[in-house]
Amino acid sequence: MGDAPHSGQILDIGAGHSLAVHHVPSQVGLPVLAVEELRHNKGNAATYGIWRVRGTAGQAVLKIYRPGTPGYTGCWPTAAEPTHWNYWRRESLAYAEGVPSTVYAEAGISGPELLETSVRADGLVELWLDHVWGTGGFEWSPSRIARFAYELGAGQARWTGRVPDLPWLSRGWLRQYLTDGPPLSVDIEDADWGHPGVAFWPDPVRQSLRRLWAERNRTLAVAQGVERTLCHLDVWPANLIDVDGRSVLIDWAFTGEGAVGEDISNLILDSFTDGLMDPDLLSEIAEGCIDGYLKGLWDGGWSGSEDAVRVAVGACGAAKFSWFGPAVLGRVVSNDVGSSNYSQDEAAELVVKRVAGMVTLIADWAHIAGSS
């Protein structure tokens, strides 16, 4: 953990605002020279804020977590229950246990180094992590993403059927997410599927998405029946960094029990949700990820079948993103592009065209899972 940290500091975060912190780790050093807010999901009830902090000795990422906000009505609630899908203390506990740096290490995936974590007098939790310099996932080539998929398969093979018995790991994450998370934002009528604003999507795709949304619990049941392993549950390019050829995976706030293939399905689809990756790469990335993940599983000692993994990827991806097509439809109907901390979209009709390949894949996966 290094030398004794400096205590009770007030950091200038610009625009006349300040931030009180309990500790400034010695690896950062005093005085603090600069504080920069990092992009994150500001709608998450558990996240007070995330900053990059530069001092005389080095740089670190500071994440502050809170047990919730009074009157919160958003789609990212938190809870005091340790198995809750968005349990507010999970990431700090994961780092304290060494999970990010060890669970997939033999396969070549690590997490940032923990510098400090503490519970403050006001009840908030500070998590200080070494700042990782490297190439972010949205700048990776399809072959680099496929290599990570291989590493993840090899890493998760070790945990199939033997998820660690840690009380704060998420359990039933996908079911909880679909019940209490972003799907609650969907507000459409069945007749909306005929809206001319989504006519760019072929009718069979629209009908498949409609059935998937109406019968999403059937798809979820297929996903829940898949063999379990230790998952990260938020694998997407924003959480990937290449450091001299080594894969670093950040943001472990959801980690827990999940399905074989669940993380890969999310990596494939979430690479394209916000328009930060060329949509023309979808087929290449999907094929490379599934093939790489399969090979990693087998090289890691898993003995299951290719068909089982493809069904798992389809079921998990279709279930988790069962709300995505309906959400886009809702934006078209209301003529509101919506808001996102990541998306660059300016008009709903542009979103419809941009995600056409993505919703087609979701529809295909629903069919593979036997739910559409």
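Preceding this section is the structure that the text describes.
Keep in mind the model is a prediction, meaning the values are calculated, not measured.

Cut-offs and rules
Residues numbered from 1 in each chain as written. Predicted model: local features only at pLDDT ≥ 70, side-chain atom pairs only at ≥ 80, totals over all residues. Heavy atoms only, no water. Helix = DSSP H or I, 4+ residues; strand = E, 2+ residues; numbered from the N terminus. Buried < 20%, exposed > 50% of the residue type's maximum accessible area, 1.4 Å probe, protein only. Lys, Arg positive; Asp, Glu negative; His and termini not counted. Salt bridge = Lys/Arg side-chain N within 4 Å of Asp/Glu carboxyl O. Core = buried A, V, L, I, M, F, W, Y, C linked by side-chain atoms within 4.5 Å. Contact = heavy atoms within 4.5 Å. 1 Å grid on protein atoms, 1.4 Å probe; cavity = no way out; pocket = protein on both sides within 12 Å on 5 of 7 lines; lining within 4 Å. Points joined across faces, edges and corners; volume = space filled by probe spheres on them. Nonpolar A, V, L, I, M, F, W, Y, C, P; charged D, E, K, R; others polar. Pairing = 2+ DSSP bridges. Axes fitted to C-alpha atoms, helices over the stretch in contact; angles between N-to-C directions. Parallel < 35°, antiparallel > 145°, perpendicular 65-115°, else oblique. Left-handed = near helix turned anticlockwise from the far one by under 90°. Polar contact = N/O pair within 3.5 Å; in protein donor to acceptor, adjacent residues only side chain to side chain.

### Some details on the side chain of Asp263
With respect to the helices and strands, the residue Asp263 is situated in helix α7 (residues 262-270). One buried charged residue, Asp263, remains without a salt bridge, the closest side chain of opposite sign being Lys320 at 7.7 Å.

### Side note on the nonpolar core
Ranked by size, the top nonpolar core spans 94 residues in total, and within it Tyr104, Phe148, Trp201, Ile264 and Ile268 carry the most contacts. Those residues in contact with Phe148 that lie beyond four places of it in its chain are Ile109, Trp140, Val235, Leu240, Ser247, Leu249 and Leu267. Formed by 14 residues, the second largest nonpolar core is a distinct cluster that contains Leu19, Val24, Val35 and Trp51.

### Focus on empty space enclosed by the protein
Leftover empty space is mapped by rolling, across the atoms, a probe with the size of a water molecule. All told, the structure shown has one cavity of 30 Å³ or more when counted by the stated rule. When its volume is computed, the largest cavity comes out at roughly 60 Å³. Lining the largest cavity, in full, are Trp173, Leu174, Leu233, Glu262, Asp263, Ser265, Asn266, Cys316 and Lys320. The dominant element in the lining of the largest cavity, judged by the number of residues it contributes, is α7, at four residues. For the lining of the largest cavity, the per-class residue count stands at four nonpolar, two polar and three charged.

### Brief notes about the pattern of salt bridges
Scanning all chains against the criterion turns up 15 salt bridges. Between Arg310 and Asp291 there is a salt bridge, with the nearest N and O atoms lying 3.0 Å from each other. Here Asp291 lies in helix α8 (residues 282-299) and Arg310 lies in helix α9 (residues 306-320), a separation of 19 residues in the sequence. We classify Arg310 as partly exposed; its relative accessible area is 30%. A salt bridge links Arg310 to Glu306; the shortest N-O distance between them is 2.9 Å. Here Glu306 and Arg310 lie together in helix α9, a separation of four residues that amounts to about one turn. Salt bridges linked by common partners bring Lys63, Glu91 and Asp251 together as one network.

### Some details on the sheet that holds strand β8 (residues 125-130)
Two modes of strand pairing occur in sheets, parallel and antiparallel, and in both the strands are linked by backbone hydrogen bonds. Overall, antiparallel pairing links the five strands, which are arranged β3-β4-β5-β8-β7 in an open sheet. Sheet topology places β3 (32-37) and β7 (114-119) at the edges, where each strand pairs with a single neighbour. Going from strand to strand, the sheet's axes swing by 20° on average, the running direction of each strand aside. Here strand β5 (residues 59-65) pairs with β8 via six bridges, running antiparallel.

### A word on helix α10 (residues 324-334)
With eight of 11 residues buried, α10 lies mostly within the body of the structure. Residues of α10 that are buried: Phe324, Gly325, Pro326, Ala327, Val328, Leu329, Gly330 and Val332. Each element contacted by the buried residues of α10 is listed here: α5 (203-214), α11 (348-354) and α12 (356-368). Just past α10, the residue Asn335 takes up positive phi, approximately 55°.

### Quick notes on α7
Across the nine residues that make up α7, a large majority, nine, are buried. All buried positions along α7 are accounted for by Glu262, Asp263, Ile264, Ser265, Asn266, Leu267, Ile268, Leu269 and Asp270.

### Description of unusual backbone geometry
Of note, the amide linkage connecting Leu30 to Pro31 takes the cis form, showing an omega dihedral of 0°. If you trace the backbone, Pro31 turns up in the loop between β2 (17-24) and β3. A positive phi is found at Leu233, a non-glycine position, where the angle reads about 75°. Residue placement: Leu233 occurs in the loop between β10 (228-231) and β11 (240-243).

### Focus on the packing of helix α3 (residues 142-157) against α8
Contact geometry for α3 and α8: axes closest at 6 Å, N-to-C directions at 30°. By the angle between their directions, the pair α3 and α8 is classed as roughly parallel. Pair α3 / α8 crosses with right-handed handedness. The residues of α8 that touch α3, namely those facing Pro142, Ile145, Ala146, Ala149, Tyr150, Leu152, Gly153, Ala154, Gln156 and Ala157, are Glu284, Ile285, Gly288, Cys289, Gly292, Tyr293, Lys295, Gly296, Leu297 and Asp299. The residue makeup of the contact of α3 with α8, split by class, is 12 nonpolar, five polar and three charged.

### Observations concerning the environment of Leu33
Mapped onto the secondary structure, Leu33 falls in strand β3. Leu33 sits 21 residues away from Arg54 along the chain, and the two C-alpha atoms are 5.6 Å apart. Excluding residues within four positions of it along the chain, Leu33 makes contact with Arg54, Gly55 and Thr56.

### Here's the deal with the side chain of Thr78
Among the secondary structure elements, Thr78 is positioned in the loop between β5 and α1 (90-97). Judged by its relative accessible area of 15%, Thr78 falls in the buried class. A polar contact of 2.7 Å, which involves the side chain of Thr78, links it to the backbone oxygen of Asn86. The contact partners of Thr78, leaving out residues within four places of it in the chain, are Ala45, Ala46, Arg66, Pro67, Gly68, His84, Asn86, Tyr87 and Trp88.

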